[in-house]
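Inside the fold
Each chain, written out:
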Amino acid sequence: MHYRFIALASICVALFLSAVPTALSQVKPPSDLSAVQRLDVMRSKLESLRRSLNNAISSLPPKGTDKKEGVDDPRQRLQGLEKEVSSILSEVNDIRGKQDRSERYDATVIDRLETSVVDIDTRVQAGLTATAGARTASAATGKAPAKKKKKGKFLGLFGGSDDEKYAELTGEVAAGRDRVLFEEAAKQVRKGSHETGRLLFTTIINTYPDSPFLPLAKLAIADSFYLEGTTSNLIQAAQAYQDWLTFFPTDPLAAYAMMKVAESEMRQMGLSDRDITHAQKAELRLKILLQQYPQTRLRPDVEQRLREVQENLAMHNLQIGNFYYKAKYEQGKGGLKGAQRRYRDIVEKYPDFSFMDEVLFRLAATYQQEEEPDEAAKYFQQLLRNHPNSEFAEKARDQLAIIGAPVPDPDASRKGAPPPLRPGMIGNLLQQVSGRAEVTTDKNGVLISKDGKEGTDLIDEALKYNGQLPTNVTPRAPTQLAKPKAQAQPGPPSGAQNVAPVTNTVPTSTPIKP
């Protein structure tokens, strides 16, 4: 009996442990976005889905009263999806209202709503694609509902004299209509009517699945989000570009789309003393771009952006390292190991960091404080070889004399290099007010530029060649902006004369909490 109990208990434990990985794999990772941003993105997606469904429903004739409607009726199917979308949208708006009023609500409901939005989006796209044939047949047999003049706005977007024009474009299926929709959508995006343009591009995708304009319509939707440029739009732009890359990874425009994914993150980057999530995502995307498209003509621009993003990430590590280092002396708590790890990460990951001379000096100081003179000497010597004109150079020579280690000759290529330029007080102040990292980004989309006129963009070439782009035609190169002379971010503005001896060094940088 005793052995039977042990065997039964062992089986239960084994079953429990085998279920744990499965359960954990189903847990959704926490989002990097705030609750407000997540709700706004969901609301934007749901409103777009609802407009697309209403547009498709309006192109289908209602069933007669003498005909029994079945579950396979296209109109009924789309109406059912529209009700579901409206129901989820109502929940999202309710939670958004509670958020604005600072009322309590179950935080897990946002995760549930995001799952529902993903599910309904998949089913709506499938439903629109499945009913495209029925809408085409309806237009061919002349059974589409008669158009009526409306005093209000069409689908909540259009108004005035545009009502009939857009109702005809989106409500009826006709040969060659996809080209008209594509051209009109591009005009609307250029005029700043981004939501209108997206609806027209979406109509091509959902109503003309065989259209040669379909791939570029998907890419133009991503462009419209990118050009609009709010935080919510940039989040959706990155997702839309990434979705397009999933379907068209070998397209000649793939490298440009991936650049936009990275730049969507870069445009949301804050200063180095704030959240670095967007900087980390941008760095990853830029590295993937160089890895997947090593021969791209965008390489110089990608490398420049990568240096600027890594400057932000390195500065973040330096400030945290200085915080740990300062805690050792002001609070009497250990902090050298934490500082040492941050400084060493910078040396290993960000060799082009503009404050590398200070990083090397402070890393050497941590080893000297831990009575590891050989390691300390190695970094003091590296500082003198690679940054002979640094404001920390004289102090490094003094410390090498104390250690008894030789002073190396400077690298011949670095003898005439000027010392790293530190940001001034005014630059720091202005950057703190803006709250944004000073990085180079191109505000133009892949197909549509922000201020481009008709006939000047890649989308005009697509119209010229009926949805196909010649192999020798590519987007114009990103705007080559000059790299900032110095990162005007809260960082180490100290001079050599303000650096205390290593034995009691206190960082001169403004530290931050990690």
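Here, every reference points to the structure presented above.
Residues numbered from 1 in each chain as written. Predicted model: local features only at pLDDT ≥ 70, side-chain atom pairs only at ≥ 80, totals over all residues. Heavy atoms only, no water.

Some words on the nonpolar core
Applicable threshold: What makes a nonpolar core is a set of buried Ala, Val, Leu, Ile, Met, Phe, Trp, Tyr and Cys residues whose side-chain atoms join them at distances within 4.5 Å. We call a residue buried when its accessible area falls under 20% of the maximum for its residue type, exposed when it is over 50%, and partly exposed in between, using a 1.4 Å probe and counting protein chains only. Counting from the N terminus, the helices are DSSP H or I runs at least four residues long and the strands are E runs at least two residues long.
By size, the foremost hydrophobic cluster in this structure holds 92 residues, and its most contacted members are Phe 182, Phe 201, Tyr 241, Leu 253, Phe 353 and Leu 447. The leading source of residues in this core is helix α9 (residues 214-228), at 10 residues. In terms of nonpolar packing, the next biggest core, distinct from the first, is built from 22 residues, Leu 81, Val 109, Ile 110 and Val 117 among them.

Focus on the packing of helix α7 (residues 177-191) against helix α8 (residues 194-207)
The condition is simple: Axes here mean lines fitted to C-alpha atoms, for a helix over just the part in contact, with angles spanning 0 to 180 degrees between N-to-C directions. The cut-offs work like this: below 35 degrees is roughly parallel, past 145 is roughly antiparallel, 65 to 115 is roughly perpendicular, and the gaps in between are oblique. In this scheme the handedness of a crossing depends on how the near helix is turned from the far one: anticlockwise by less than a right angle means left-handed, clockwise means right-handed. In this description, contact between two residues means that some pair of their heavy atoms is separated by no more than 4.5 Å. Each residue gets one of three labels, nonpolar for Ala, Val, Leu, Ile, Met, Phe, Trp, Tyr, Cys and Pro, charged for Asp, Glu, Lys and Arg, and polar for the others, Gly among them.
Contact geometry for α7 and α8: axes closest at 8 Å, N-to-C directions at 160°. Classified by the angle their axes make, α7 and α8 are roughly antiparallel. Relative to α8, α7 is oriented so that their crossing is left-handed. Between α7 and α8, the contacting residues are Asp 178, Leu 181, Phe 182, Glu 184, Ala 185, Ala 186, Gln 188 and Val 189 on the first element and His 194, Thr 196, Gly 197, Leu 200, Phe 201, Thr 203 and Ile 204 on the second. Partitioned by chemical class, the residues of the contact of α7 with α8 number 8 nonpolar, 5 polar and 2 charged.

Thoughts on the pattern of salt bridges
For the record, the criterion: Here, a salt bridge means any side-chain nitrogen of Lys or Arg that lies within 4 Å of a carboxyl oxygen of Asp or Glu.
Counted by the stated rule, this structure contains 22 salt bridges. When the shortest N-O distance is used, the salt bridge between Asp 40 and Arg 43 registers 3.3 Å. With Asp 40 and Arg 43 both in helix α2 (residues 35-58) and 3 residues apart, the pair spans about one turn of that helix. Assessed through its relative accessible area of 27%, Arg 43 is described here as partly exposed. Of the charged contacts in the structure, one is a salt bridge between Arg 305 and Glu 263, with a shortest N-O distance of 2.8 Å. On the criterion of sequence distance, the pair formed by Arg 305 in helix α13 (residues 299-330) and Glu 263 in helix α11 (residues 254-266) is long-range, its members being 42 residues apart. Classification of Glu 263 by relative accessible area gives buried; the value is 0%. Connected through shared salt-bridge partners, Lys 260, Glu 263, Arg 305 and Asp 442 make up one network.

Considering the environment of Asn 206
Mapped onto the elements of the fold, Asn 206 is located in helix α8. In this structure Asn 206 comes out as buried when scored by relative accessible area, which is 3%. Taking C-alpha positions, Asn 206 is 7.2 Å from Gln 125, a pair spaced 81 residues apart along the chain.

Re the packing of aromatic side chains
Rules: Aromatic rings from Phe, Tyr and Trp, with only the six-membered ring used for Trp, were paired whenever their centres fell within 6.5 Å, and each pair was classed as stacked if the ring planes differed by under 30 degrees, edge-to-face if by over 60, and tilted otherwise. Two thresholds decide whether a charge sits over a ring: the Lys NZ or Arg CZ must be within 6 Å of the ring centre and within 35 degrees of the ring normal.
For the structure on display, the rule yields 10 aromatic pairs. Ring centres of Phe 247 and Phe 248 lie 6.4 Å apart, and the angle between their planes is 50°; on these two criteria the pair is classed as tilted. Ring geometry for Phe 361 against Phe 380: centres 5.7 Å apart, planes inclined by 65°, an arrangement best described as edge-to-face. Here Phe 361, found in helix α15 (residues 356-369), pairs with Phe 380, found in helix α16 (residues 373-386); they are 19 residues apart in sequence, far enough to count as distant. Of the two residues, Phe 361 and Phe 380, neither departs from the other in class, the shared state being buried. Ring pairs connect the aromatic residues Phe 182, Phe 201 and Phe 213, which therefore count as one cluster. The ring of Phe 247 is capped by Lys 218, whose NZ or CZ atom sits 5.3 Å from the centre of that ring.

Observations concerning α11
Put simply, the rule is: Given the number of residues in a helix, its expected span is that number minus one, multiplied by 1.5 Å.
Along its 13 residues, α11 runs 19 Å from first to last C-alpha, staying within 8% of the 18 Å computed at 1.5 Å per residue. Within α11, 13 of the 13 residues are buried, which leaves the element mostly enclosed by the surrounding structure.

Considering helix α10 (residues 231-247)
End to end, α10 covers 25 Å across 17 residues, agreeing with the expected 24 Å (1.5 Å per residue, within 8%). Within α10 the residues assigned to the buried category are Ser 232, Asn 233, Leu 234, Ile 235, Gln 236, Ala 237, Ala 238, Ala 240, Tyr 241, Trp 244 and Leu 245.

Some words on the side chain of Asp 345
To keep it simple, the criterion reads: In this tally, Asp and Glu contribute negative charge and Lys and Arg positive charge; neither His nor the terminal groups of the chain are included.
Its place among the elements puts Asp 345 in helix α14 (residues 336-349). Put simply, Asp 345 is tucked away with no salt bridge, and the nearest opposite charge, on Arg 341, sits 4.1 Å away.

Focus on the packing of α10 against α11
It is at 9 Å that the axes of α10 and α11 come closest, and there the two elements cross at 155°. Compared by their axis directions, α10 and α11 come out roughly antiparallel. Here the hand of the crossing between α10 and α11 comes out left-handed. Side by side, α10 and α11 meet where Leu 234, Ala 237, Ala 238, Tyr 241, Gln 242, Trp 244 and Leu 245 of the first sit next to Ala 254, Ala 257, Met 258, Lys 260, Val 261, Ser 264 and Glu 265 of the second. Its residues placed into classes, the contact of α10 with α11 shows 10 nonpolar, 2 polar and 2 charged.

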